[in-house]
Amino acid sequence: MKNEKRVQDSATEQIYVVRSKYLNPQGRLSGGCLLQWMDELAGIVSRRHTRKGVATVAVECVDFKAGAYPNDMIALAGKLTFVGRTSMEVRVDAYMEDSSGKRTGINTAYFVMVAVDEAGRPAEVPGLQVESEAERKEWLCAQKRQQLRKQRKAEGF
């Protein structure tokens, strides 16, 4: 693909503090709030890769592992795992970061994003240089998820 970019060229991190307005009735960070933050980060990663507008097409493999509580720091880390002609997959990991900087995973999700042009139509995206063994593994897993999405769509799911 022309104009290939490396995974780290668009990788992004963001930190949030869990405040009372983000809590659910059980006193934990609302899952919807966390997913909104993750979606925003996926959009930033995609925009950094494409330098175009983007739209979220799907969110997959959302895995809530632990809760977060008032005043916890939440670190989000996003990176591209796959690109197609107009679409991209972004992995976003969420961590609870303690006062020493130690991170504990609380969520992982994969966001399928599509680049759009000024008229809102799908636009071609730069290729992705897959350099490490971990990046190759992510790429292969992303291809499997893409095939499953196509299969579900064909079956009417």
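On a predicted model such as this, the values are computed, not experimentally measured, just so you know.

Parameters and conventions
- Residues numbered from 1 in each chain as written.
- Predicted model: local features only at pLDDT ≥ 70, side-chain atom pairs only at ≥ 80, totals over all residues.
- Heavy atoms only, no water.
- Helix = DSSP H or I, 4+ residues; strand = E, 2+ residues; numbered from the N terminus.
- Rg over C-alpha atoms; globule rule 2.2 N^0.38 Å.
- Salt bridge = Lys/Arg side-chain N within 4 Å of Asp/Glu carboxyl O.
- Buried < 20%, exposed > 50% of the residue type's maximum accessible area, 1.4 Å probe, protein only.
- Phe/Tyr/Trp six-rings, centres within 6.5 Å; stacked < 30°, edge-to-face > 60°.
- Lys, Arg positive; Asp, Glu negative; His and termini not counted.
- Polar contact = N/O pair within 3.5 Å; in protein donor to acceptor, adjacent residues only side chain to side chain.
- Contact = heavy atoms within 4.5 Å.
- Pairing = 2+ DSSP bridges.

Moving on, we get to the overall build of the protein. Helix and strand counts for the protein come out as three helices and seven strands. Listing each helix as α and each strand as β along the protein from the N terminus yields β-α-β-α-β-β-β-β-β-α. Here the C-alpha atoms of the protein give a radius of gyration of 16 Å, agreeing with the 15 Å that 2.2 N^0.38 yields for 157 residues. Dimensions along the principal axes, computed over C-alpha positions, put the protein at roughly 45 × 35 × 35 Å.

A few words now on the pattern of salt bridges. Applying the stated criterion across every chain, the model contains ten salt bridges. The salt bridge partner of Arg-149 is Glu-60, with a shortest N-O separation of 3.1 Å. A residue pair is termed long-range when its members are at least 10 positions apart, and Arg-149 in helix H3 (residues 133–154) and Glu-60 in strand E3 (residues 53–64) qualify at 89 residues. We classify Arg-149 as buried; its relative accessible area is 18%. With a closest N to O distance of 2.6 Å, Glu-60 and Arg-152 form a salt bridge. Linking Glu-60 in strand E3 with Arg-152 in helix H3, this pair joins segments that are 92 residues apart in sequence. Residue Glu-60 is classed as buried on the basis of its relative accessible area of 10%. Residue classification places Arg-152 among the partly exposed positions, given a relative accessible area of 34%. A network of salt bridges, in which partner residues are shared, links Glu-13, Glu-97 and Arg-103.

Take the packing of aromatic side chains next. Pairs of aromatic rings are described using the distance from one ring centre to the other and the angle between the two planes. Applying the stated criterion across every chain, the model contains three aromatic pairs. Centre to centre, the rings of Tyr-22 and Trp-37 are 5.0 Å apart; their planes meet at 85°, and the pair counts as edge-to-face. A residue pair is termed long-range when its members are at least 10 positions apart, and Tyr-22 in the loop between strand E2 (12–17) and helix H2 (31–50) and Trp-37 in helix H2 qualify at 15 residues. Look at Phe-82 and Trp-139: their rings are 4.5 Å apart centre to centre, the planes differ by 50°, and that puts the pair in the tilted class. Of this pair, Phe-82 sits in strand E4 (residues 73–83) while Trp-139 is found in helix H3, placing the two residues 57 residues apart along the sequence. Given a relative accessible area of 19%, Trp-139 falls into the buried group. Grouping aromatic residues by their ring pairs yields a cluster made of Tyr-16, Tyr-22 and Trp-37.

What follows is about the side chain of Glu-135. Mapping Glu-135 onto the fold places it in helix H3. Among buried Asp, Glu, Lys and Arg side chains, Glu-135 stands out as unpaired, with Arg-136 the closest opposite charge at 6.6 Å. Here the side chain of Glu-135 touches Glu-131 through a polar contact of 2.7 Å, landing on its backbone nitrogen. The residues contacting Glu-135, other than those within four sequence positions of it, are Val-7, Gln-8, Gln-129 and Val-130.

Okay, the pairing of strand E5 (residues 87–97) next. Most of E5 sits out of view: eight of its eleven residues are buried. When E4 meets E5, the two strands line up antiparallel, connected through ten bridges. Looking at the pairing, Phe-82 lines up with Glu-89 of E5. Between E4 and the antiparallel strand that follows it, E5, lie three residues.

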